[in-house]
Amino acid sequence: MKNRAKCKLCQSIIESFHLHDHVTCKCGEISVSGGVQEYNCSANDWGNFLRVDDLGNEIIVKIKKVLRFYEI
Ligand SMILES: [Zn+2]
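The written sequence of each chain sets the order in which its residues are numbered from 1. Local features in a predicted model are, by the rule used here, given only for residues with pLDDT of at least 70; side-chain atom pairs are given and counted only at 80 or more, and totals for whole chains, interfaces and linings are based on all residues. The side-chain numbers reported here are obtained from all heavy atoms of the structure, hydrogens and water having been left aside.

1. Description of the environment of C7
Condition: Here a strand is any run of E in DSSP of at least two residues, a helix any run of H or I of at least four, and the numbering for each starts at the N terminus. Contacts are assigned to residue pairs that have any heavy atoms within 4.5 Å of one another.
Looking at where C7 falls in the secondary structure, it is placed in strand β1 (residues 3-7). Between the C-alpha atom of C7 and that of N48, which follows or precedes it by 41 residues, the distance is 5.7 Å. When sequence neighbours within four positions are dropped, the list of residues in contact with C7 reads S12, C25, C27, E29, I30 and N48.

2. Focus: the confidence of the model for the protein
Interpretation of this model should avoid reading the predicted coordinates in detail wherever pLDDT is low. Here is the rule: Here pLDDT means the predictor's own confidence in every residue, given as a number from 0 to 100.
In the predicted model, the protein carries a mean pLDDT of 90, and 88% of its residues have values of at least 70. When mean pLDDT is compared element by element in the protein, strand β3 (residues 23-24) scores highest at 98, while strand β7 (residues 58-60) scores lowest at 90.

3. Observations regarding the coordination of the zinc ion
Applied cut-off: Donor selection uses N, O and S atoms within 2.8 Å of the metal (3.2 Å for Na, K and Ca). Since no water is included, sites may look incomplete. Every angle between 85 and 135 degrees makes a four-donor site tetrahedral, while opposite donors more than 155 degrees apart, with all other angles between 65 and 115, make a four-donor site square planar and a six-donor site octahedral; other sites are irregular. Note on classification: 1.4 Å probe, protein chains only; a residue is buried when its accessible area is under 20% of the maximum for its type, exposed when over 50%, partly exposed between these limits.
Taken together, C7 (SG), C10 (SG), C25 (SG) and C27 (SG) make up the protein donors of the zinc ion, found 2.3 Å from the metal. Classification of the site at the zinc ion rests on its four donor atoms, whose angles at the metal span 107 to 112°, yielding the label tetrahedral. On the primary sequence, the residues serving as donors to the zinc ion are separated as C-x2-C-x14-C-x1-C. With a gap of 18 residues between them, C7 in strand β1 and C25 in the loop between β3 and β4 (30-33) connect regions that are remote in the sequence. An identical accessibility class is assigned to C7 and C25; each is buried.

Shown next, in the form of structure tokens:
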């Protein structure tokens, strides 16, 4: 699958083609990098990030949050 994503805010579709290809959407909300080797992506708000697969389907990503509690 391609390292491609769509921003819900500005509707732009961005794609990272290779390892050093860092692409940010028009409004700066989301970005992808690392191509298909590293498959990195980031977003200010993950609710605005949609993964786009090879067929053009939009996939809502599920982010797993790791919470740690420290007891004194
Ligand atoms: Zn955007």
